[in-house]
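Spelled out, the chains give:
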Amino acid sequence: VRSAVPHTPLRMSSGLGGLNKSPHGVVVGLCQLQLPVIETKDQLDAQVDRVCALVGKARRGSTSMDLVVFPEYMLHGLSMDVCDEIMCERDGPIVARLRAACVQHKIWGCFSIMERNPAAPESPFNSGLIFDADGNEVLYYRKLHPWVPVEPWAPGDLGVPVVDGPNGCKLALIICHDGMFPEMARECAYKGAEIMLRTAGYTAPIRDSWVFTNQANAFQNLMCTASVCMSGSDGTFDSMGEGMFCNFDGGIITRGGGRPDEIITCELRPDLVREARLGWGVENNIYQLGHRAYVAVQGGARDCPYTFMHDLVAGKYRLPWEGQGKHTDGRSCGFPAPVREYAPSAAASNGHGDAKK
């Protein structure tokens with residue numbers, strides 16, 4: 001575990017990566033996991049062992065760490081293989097081993113699985129799970145925005161859960177491409193998230209977009225962001241690592257590089273997020289979105305002037321260039337055109353993922 005040297009501009013102390021933890025702080029470790037090649041059940045089992053060992057490394061390297069976060073694709077690599085042999089289940093033996101690692105090392109853990117989809121086996125879910133230090137599942141999320149046309153995963157149908165995290169923080173998780181949609185971070189913040197995790201498998205061409213969206217997601221919502229990608233090469237793809245923490249004003253607190261299996265650590269301060277949300281006037285954007293021009297009109301304008309929001313809710317979202325785009329299915333990346341239409345699963349009946357104890 002390395003307490004990474006902060007890059008400029010520096011907006012808030014990282015607490016020397018959590019070495020000097022404050023009473024209100026939450027110390028998070030972002031594991032830039034080596035990108036694996038997973039084609040068989042045996043390789044999957046071996047990769048679970050690696051992840052569990054790194055949970056132990058996180059605890060040994062930082063006794064103050066509250067939560068260790070692993071990237072998207074931590075068990076499956078970037079092949080986009082939907083072979084049932086290497087798919088996982090929320091209540092299956094693979095997830096049980098991850099849960100047990102949190103209990104063994106007394107640490108919260110955030111993990112990624114490709115989850116079987118009984119309704120459409122050819123389109124698994126890309127799911128994230130968070131367990132507390134007692135092994136309780138506190139968050140279960142299915143990626144809302146797969147990276148089309150490259151990814152074959154089913155669209156998430158559980159909404160964006162926000163949960164009670166370590167040391168009383170409000171915690172959310174989004175996955176990779178989700179973070180390119182400002183609506184995702186806004187949803188997290190609107191539901192109270194003070195820290196938003198973003199796990200990814202992104203490769204080097206996305207590096208600049210990765211940095212400025214992590215910063216923008218923080219600034220636009222007065223919310224800390226903690227984001228990490230897979231790292232290293234699998235012989236075909238090169239993931240970039242790039243673990244980074246952003247403060248609620250959008251400044252980068254701490255940023256890693258590309259060294260595989262390095263764990264970048266930082267202390268985040270949800271108490272200062274709460275203070276800013278209550279005390280900021282200028283650039284309190286998450287509040288001002290729903291209270292436009294409150295200087296001129298009492299309480300601000302609370303209408304919805306955005307055409308795309310109305311159309312999306314009405315199922316009529318349509319761009320001016322709708323129908324002219326070249327990519328509207330996955331055939332350019334070797335996937336057959338889908339024949340089924342979207343229908344939320346039974347698990348989505350309440351609009352969000354219920355955690356299980």
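In what follows, the structure referred to is the one given above.
These remarks concern the structure in this document. (Residues numbered from 1 in each chain as written. Predicted model: local features only at pLDDT ≥ 70, side-chain atom pairs only at ≥ 80, totals over all residues. Heavy atoms only, no water.)

Among the nonpolar cores identified, the biggest contains 54 residues, and Leu197, Phe245 and Leu268 are the most heavily contacted of them. Looking at this core element by element, the count peaks at 5 residues for strand β7 (residues 170-175). (Core = buried A, V, L, I, M, F, W, Y, C linked by side-chain atoms within 4.5 Å. Buried < 20%, exposed > 50% of the residue type's maximum accessible area, 1.4 Å probe, protein only. Helix = DSSP H or I, 4+ residues; strand = E, 2+ residues; numbered from the N terminus.)

To continue, consider the sheet that holds strand β13 (residues 252-255). The mixed open sheet is built from 6 strands, whose spatial order is β6-β7-β8-β9-β12-β13. A single partner strand is all that each edge strand has here, and the edge strands are β6 (162-164) and β13. Put simply, the sheet's adjacent strands are angled 20 degrees from each other on average, direction ignored. Pairing between strand β9 (residues 224-229) and strand β12 (residues 244-246): 3 bridges, direction antiparallel. The residue of β12 that forms the bridge with alanine 226 is phenylalanine 245. (Pairing = 2+ DSSP bridges. Axes fitted to C-alpha atoms, helices over the stretch in contact; angles between N-to-C directions.)

Following the criterion strictly, the structure yields 22 salt bridges and no others. Where aspartate 66 meets lysine 21, a salt bridge forms, and the shortest distance between an N and an O atom there is 2.9 Å. Residue aspartate 66 is found in the loop between α2 (41-61) and β2 (67-69), and its partner lysine 21 is found in the loop between α1 (15-18) and β1 (26-32); the two are separated by 45 residues along the sequence. Taking the shortest distance from any N to any O, the salt bridge between glutamate 137 and arginine 90 comes out at 2.7 Å. In this pair, glutamate 137 is assigned in strand β5 (residues 137-142) and arginine 90 in the loop between β2 and α3 (93-105), connecting sequence segments 47 residues apart. The burial state of glutamate 137 is the same as that of arginine 90; both residues are buried. One continuous salt-bridge network, built from bridges that share partners, spans Lys41, Asp45, Asp49 and Arg97. (Salt bridge = Lys/Arg side-chain N within 4 Å of Asp/Glu carboxyl O.)

Turning next to the environment of proline 260. Within the element layout of this structure, proline 260 appears in the loop between β13 and β14 (262-268). The partly exposed category is assigned to proline 260, whose relative accessible area is 30%. Considering only alpha carbons, one finds proline 260 and glycine 241, 19 residues apart in sequence, at a separation of 7.1 Å. With residues near it in sequence (within four places) discarded, proline 260 still touches Gln32, Gln34, Ser231 and Gly232. (Contact = heavy atoms within 4.5 Å.)

A word on a nonpolar patch on the surface. Residues Leu289, Tyr306, Phe308, Met309, Leu312 and Tyr317 make up a contiguous nonpolar surface patch of roughly 520 Å² in combined accessible area. Along the chain, phenylalanine 308 falls in helix α8 (residues 307-313). (Patch = residues over 30% accessible without salt bridge, like charges linked within 9 Å, V, L, I, M, F, W, Y side chains within 5 Å. Areas by Shrake-Rupley, 256 points an atom, 1.4 Å probe, with all protein chains shown as cover.)

Take helix α5 (residues 207-219) next. An ideal rise of 1.5 Å per residue puts 18 Å on 13 residues; α5 measures up with 19 Å between its terminal C-alpha atoms. Among the residues of α5, Trp210, Val211, Thr213, Asn214, Asn217 and Ala218 are the ones counted as buried. On the buried face of α5, the contacting elements are α4 (182-190), β8 (195-200), β9, β11 (238-240), β12 and β13. (Expected span 1.5 Å × (residues − 1).)

Further remarks concern the pairing of β13. Note that β12 and β13 share 3 bridges and pair antiparallel. Residue pairing for β13: cysteine 246 is matched across the bridge by isoleucine 252. The turn linking β12 back onto β13 is made up of 5 residues, and glycine 250 within it adopts a positive phi angle of 90 degrees.

On the basis of relative accessibility, which here comes to 15%, the residue aspartate 66 falls in the buried class. From its side chain, aspartate 66 meets the backbone nitrogen of valine 27 in a polar contact 2.8 Å long. Setting aside anything within four residues of it in sequence, one finds aspartate 66 in contact with Lys21, Gly25, Val26, Val27, Ile107, Trp108 and Pro166. (Polar contact = N/O pair within 3.5 Å; in protein donor to acceptor, adjacent residues only side chain to side chain.)

The subject of this paragraph is unusual backbone geometry. Residue proline 149 follows valine 148 across a cis peptide bond; omega there is 5 degrees. Tracing the backbone through its elements, the reader meets proline 149 in the loop between β5 and β6. Despite not being glycine, methionine 80 has its phi angle at roughly 65 degrees, a positive value. Assignment of secondary structure puts methionine 80 in the loop between β2 and α3. Look at methionine 80 and you get buried, because its relative accessible area is 13%. One non-glycine residue, aspartate 261, lies in positive phi territory at about 70 degrees. As for its placement among the helices and strands, aspartate 261 is situated in the loop between β13 and β14. We classify aspartate 261 as buried; its relative accessible area is 16%.

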